[in-house]
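An overview of the molecular structure
Letter by letter, the chains look like this.
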Amino acid sequence: MKQKITVTVNGSTEIVCNKNENLLRVLEKNGYEIEYECQEAHCGTCRTIMTEGEVEYAYEPVAYIGKNEVLPCAAMIKSNLNLTIEW
Ligand code: FES
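Bear in mind that the values here come from a model prediction, so they are computed numbers and not experimental data.

With that settled, the discussion passes to the pattern of salt bridges. Taken as a whole and assessed by the stated rule, the structure comprises 3 salt bridges. Where E21 meets K29, a salt bridge forms, and the shortest distance between an N and an O atom there is 3.0 Å. Exposure remark for E21: the relative accessible area of 18% places this residue in the buried category. Note that E28 and R25 form a salt bridge whose closest N and O atoms lie 2.9 Å from each other.

Listed below in structure tokens is the structure:
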């Protein structure tokens, strides 16, 4: 049985998904247009604010990841997340 995870966006919108899903795909499926290029954690274009939660990267990140940031393109969701997405 797949473990359900909640991704909270901007403190209010809750997206339910499966553990280990790709964060960029989950956001896109739910109507969030995240800008991206490489999709391999190299360029940093998709950098997004993550104030809480845990991800694992499918690729070793080359792009800088600051404190409270995530690269959704290569991030597999491991726990409930809190994101801030500016439109
Ligand atoms: S799209 Fe390049 S790091 Fe995510």
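The discussion continues.
Strand order in the open sheet formed by 5 strands is β2-β1-β7-β3-β5, and the pairing between neighbours is mixed. What marks the edges here is a single partner per strand, and that holds for β2 (13-18) and β5 (69-70). Note: strand β3 (residues 48-52) against strand β7 (residues 81-84), 3 bridges, orientation antiparallel. Residue pairing in the sheet places I49 in a bridge with T84 of β7.

Glancing now at the pairing of strand β1 (residues 4-9). Alignment of β1 against β2, held across 6 bridges, turns out to be antiparallel. Bridging across to β2, V7 finds its partner in I15. In this structure, the hairpin formed by β1 and β2 is closed by a connection of 3 residues, where N10 is found at a positive phi of approximately 55°. Where β1 and β7 come together, 3 bridges link them in parallel fashion. Directly across from T8, in β7, lies its bridge partner N82.

What counts and how
- Residues numbered from 1 in each chain as written.
- Predicted model: local features only at pLDDT ≥ 70, side-chain atom pairs only at ≥ 80, totals over all residues.
- Heavy atoms only, no water.
- Salt bridge = Lys/Arg side-chain N within 4 Å of Asp/Glu carboxyl O.
- Buried < 20%, exposed > 50% of the residue type's maximum accessible area, 1.4 Å probe, protein only.
- Pairing = 2+ DSSP bridges.
- Helix = DSSP H or I, 4+ residues; strand = E, 2+ residues; numbered from the N terminus.

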